[in-house]
Amino acid sequence: MSSRTFGGSRDDLEAASSSSPYPDNHEDETSSGPFDITSTKNASFARLRRWRQAALVLNASRRFRYTLDLKREEEKKQLISKIKAHAQAIRAAYLFKLAGERVNGTTTILPPTPHGDFAIGPEQLASMTRDHNLSALEHYGGLNGLSGMLKTNLDRGINGDDADLMNRRNVFGSNTYPRKKGRSFWRFVWEACQDLTLIILMVAAVASLALGMKTEGPKEGWYDGGSIAIAVILVIVVTAISDYKQSLQFKNLDEEKRNIHLEVVRGGKRVEISIYDIVVGDIVPLNIGDQVPADGVLISGHSLAMDESSMTGESKIVNKNSKEPFLMSGCKVADGSGTMLVTSVGINTEWGLLMASISEDNGEETPLQVRLNGVATFIGIVGLTVAFVVLVVLLVRYFTGHEKNADGTAQFIAGQTKVGKAIDGVIKIITIAVVIVVVAVPEGLPLAVTLTLAYSMRKMMADKALVRRLSACETMGSATTICSDKTGTLTLNQMTVVEAYVGGEKIDPPDSSSQLSPTLTSLLSEGIVQNSNGSVFTPEGGGDVEVSGSPTEKAILNWGIKLGMKFDAVRSGSSIIHVFPFNSEKKRSGVAIRLPDSKVHIHWKGAAEMVLAACTQYLDANDNFIAIDEDKGAFFKKAIEDMAASRLRCMAIAYRLYESERVPTDEEELTQWALPEDDLVLLAIVGLKDPCRPGVKDSVRLCQNAGVKVLMVTGDNLITAKATALECGILNLDVDVDAPNLIMEGKEFRGLTDVRREEVAEKIFVMGRSSPNDKLLLVQALRKRGHVVAVTGDGTNDAPALHEADIGLSMGISGTEVAKESSDIIILDDNFSSVVKVVRWGRSVYANIQKFIQFQLTVNVAAITINVVAAVSTGDVPLTAVQLLWVNLIMDTLGALALATEPPTDHLMVRTPVGRREPLITNIMWRNLLIQAMYQVTVLLVLNFRGESLLLHLEHDYANKAREVKNEVKKTLIFNSFVLCQIFNEFNARKPEEQNIFEGFTRNYLFMGIVSITVLLQVIMVEFLGNFASTVKLSWKLWLVSIAIGFISWPLAFIGKFIPVPQTPFGKHFKRIFPRRRSPRRSEGGAHEEGAHEEEIREEEEIREDSQQ
């Protein structure tokens, strides 16, 4: 799927790049087996190439379709670097030419050329931004002149009605670019044809068809070859349809993944739109972590710094100001904030040209896919060995005259049998051997992972979770710890000010302006408006005001409005000199403003206890500056503690006067200026209520019952954090919440030694006043202890923790683009309940694959055993080539569809997480499949060798039939019984551990439909397609016998589930008998050696524990 939008990420462009800013967690690449990859998240190209080379594959183009195309990925990286280098060279040449023109005084800029209704065209705009041509911008009249040409207002934006938007798209283009077409259905047909065994079968079918028509005539001679050809075509078509539908699902999910939503200013109002809907002339607010949606020019910015590495390849952060105002699409805001005027969109941007030049490869293997390739390879080798034995035995029997015709004569007599007939006999033997390979090599097993992931991803979208990386979907099923944010995830993120201390006293109600002096109200309004990224829109015709911004900003702005604050008047009443954006380390934001009388005020807003610590005075209700003595300090601290205990988020607002002459005048110095944060005057302390999400307590309990620990990591103080954890059920009242290490501040955790940090990480439930770096340290400590960690994050600084975690979960509403790109799954509604649903789906993926493995291995073992025993003992196989191809279709494609799309059940959430190194085939699965396989093999071999005596009792006229007819009836009965056994066993596979195999059956319409279609087709094959399927019509008695044989598998499975199985996986016994020797390390660092040693110790401990059990 090569379609791509402007929501593309640098991670996507430079997949598996070694220049990642985060340390990779590569596994031991030399000591472990090629299929032993527990995490593909940061696996190296060499590691990925190694397992592909080790896999036994019949159809590489199909098997590896949804894995990363390593060759194309390397070519793509080279192409990207060439395009970047080319763009840099052009720009350097332009700057060199411009410098020469300036020296010679010959700088010439062409006047703007009108285009449509606008005074400038897209080519000139694209040239100006691409070349960073400041002279051209000045020539066009600067920002005001350019905005006039584009018919936009720098404060209020464009009009934004449909006619205006359509006109702008017609003149300047839309924010999309030419997309490469996805694979057509016929491409999938072609790929399905490339299966080696199917090619051999088609050649055999053609040869058999030619020989049959020559020896027996066209009327009778086409049956053998024609039926095989038709069966192969049927397999190809069904496979292609299944694969094509999967590709469409991935394509739709990919479209959704690229569709970024952002805010623009239109008609003076902030509106949220899709990135595709951006037009030239739009005014776009930019904040830390945002992606620049199109090329443009900076209107105003405060400490704005850009990460342009996605375009230039250089990791250096670039500061943007009036001297460097040009912004490139696809780059990220590393720091600060600002607003931009969009000048070029779509193919007219450098990002658009880059995206249109590369083809998208969404391939990505998952650990389960890799492990299943290992299972398929092992089974395939066994199958190939068996097929070779059958081939040799049948050829020896044929050429030694042991193969008999229906009349008892030898099929081959040396010197007498014609060459054509001998070749036909050999072709039939080769065909049987090849079909055994088709059935024996479970080619569909690794593809079943893709099928169940595609289904799960589509369903997870409905559950408000967008999967960015396939592997995360299944890894989530193994999660043992979830580190969750508080605000917006466990709570609603709908904040309101419910308590306020202003003028040194509590005001009640909190929005009572009558208790405030005009000076205090003015200073408060000034601090709220200017020290905010939010905005207030007042409709011209009257009506309710609309407040936009983060939930915290909106809550404080609404409180200010209730106090009588006039947003537009306050904002225009002073000018901003410098901004200190909110910092997760310092937990506050600041702004320096200049008043009309040239006075400078510095306003701070942030975590109450931190801002209070920087205050030396407070402003009382009579506008007096009163020193904060010990008693007043204790009063404020008690107020903060009381509010925090009531689960309120406490914020303080403070300011100070500053000498105007000490403010830097140079733009460079101003950018580096650190705002003074001492000697502050406290204006207000407010308590913001953010209710817990409904049902969050039940969701937390569900996780805990499923063996998943929920850990809360928040920037709030410990008292608020503790109260929230109790309300959400993370902490239990029955437990001593004051016990050591249950609740800890980030600063304290940060100061521990590595060993002590790991010990505490095991016990901790709540971390308060944490920074993003504390979250990263927590994730690292938990992972070192063997935990599979999922972590939520929304800020740019959360990116390292999201990247480091086994599963990074970013927030769809409050999350920045940087956080989303570092994550594996985006929680679209920011709700913890959605995180729990992802755990359910992750476990469902693993469970469904196990169901399919159990079902497929039962078919494999039974089909191979029956044919081998029969071939070796009698030289005849009861299941023909066409019949085995039909069984393969039931097993591979239809079986995968039926079992890999089972919805998750509550049973999944009452068992412990699946360990990443636990065997795919559990002891329970071995028990189930061996019982069924042994039953099927026994019954069908009895039918094969003693079937005639049964038929004599059931069919009165059977004794009078010709020997050839008797044999055909017996073989048809075996084939029919075998297929019905698989259909009945498909129900058993739905519930490997539960007695009630029918629970939820009626809700799975796809399963019901596939079983019904399989039964119907089986009836048609037996009763109406005798020549095609080598079958004869069966009487109703023999149909009842077939159904009874299949039905017995149900009570057999029910009884079998009472047979206990050992706790120790069978694979561990082999480890003790054949301990794996580790090869010498070839890596440079000692850390990997240490990791390998730890892994070895862990494996030894596991074996010791198992033996004790």
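Residues numbered from 1 in each chain as written. Predicted model: local features only at pLDDT ≥ 70, side-chain atom pairs only at ≥ 80, totals over all residues. Heavy atoms only, no water.

Glancing now at the pattern of salt bridges. Scanning the model with the defined rule gives 35 salt bridges in all. Residue Asp277 pairs with Arg169 through a salt bridge whose shortest N-O separation is 3.8 Å. Here Asp277, found in the loop between β2 (269–274) and β3 (283–287), pairs with Arg169, found in helix α8 (residues 162–172); they are 108 residues apart in sequence, far enough to count as distant. The exposure class of Asp277 is partly exposed, given its relative accessible area of 32%. (Salt bridge = Lys/Arg side-chain N within 4 Å of Asp/Glu carboxyl O. Helix = DSSP H or I, 4+ residues; strand = E, 2+ residues; numbered from the N terminus. Buried < 20%, exposed > 50% of the residue type's maximum accessible area, 1.4 Å probe, protein only.)

Turning to the sheet that holds strand β8 (residues 465–467), a few remarks are in order. Across the sheet, eight strands lie side by side as β8-β26-β25-β24-β9-β21-β23-β22; this open sheet has mixed pairing. Here the strands that pair on one side only, and so sit at the sheet edges, are β8 and β22 (743–745). Averaged over all neighbouring strand pairs, the angle between strand axes comes to 20°, with direction disregarded. The pairing of strand β25 (residues 807–811) with strand β26 (residues 825–827) spans three bridges and is parallel. Paired with Met811 across the strands is Ile827, a residue of β26. (Pairing = 2+ DSSP bridges. Axes fitted to C-alpha atoms, helices over the stretch in contact; angles between N-to-C directions.)

If you trace the backbone, Glu553 turns up in helix α20 (residues 551–562). According to the relative accessible area criterion, Glu553 is buried, its value standing at 14%. The residues touching Glu553, leaving out its near neighbours within four places in the chain, are Asn531, Ser532, Asn533 and Lys605. (Contact = heavy atoms within 4.5 Å.)

To continue, consider the packing of aromatic side chains. How two aromatic rings sit relative to each other is set out by the distance from centre to centre and by the angle between their planes. Taken as a whole, this structure holds 21 aromatic pairs when the rule is applied. On the numbers, 5.8 Å between centres and 90° between planes, the contact of Phe1001 with Phe1007 is edge-to-face. Every member of this aromatic cluster is reached through a ring pair, and the members are Phe984, Phe987, Phe998, Phe1001, Phe1007, Phe1047 and Trp1050. Of note, Lys709 hangs over the ring of Phe765, and the distance from its end group to the ring centre comes to 4.8 Å. Positioned above the aromatic ring of Phe1007, the side-chain terminus of Arg990 is 5.5 Å from the ring centre. (Phe/Tyr/Trp six-rings, centres within 6.5 Å; stacked < 30°, edge-to-face > 60°. Lys NZ or Arg CZ within 6 Å of the ring centre and 35° of its normal.)

Another aspect to go through is helix α36 (residues 1005–1024). Between its first and last C-alpha atoms α36 spans 28 Å; for 20 residues at 1.5 Å apiece the expected length is 28 Å, and the two agree. Buried residues of α36: Phe1007, Ile1010, Val1011, Thr1014, Gln1018, Met1021, Val1022 and Glu1023, and no others. (Expected span 1.5 Å × (residues − 1).)

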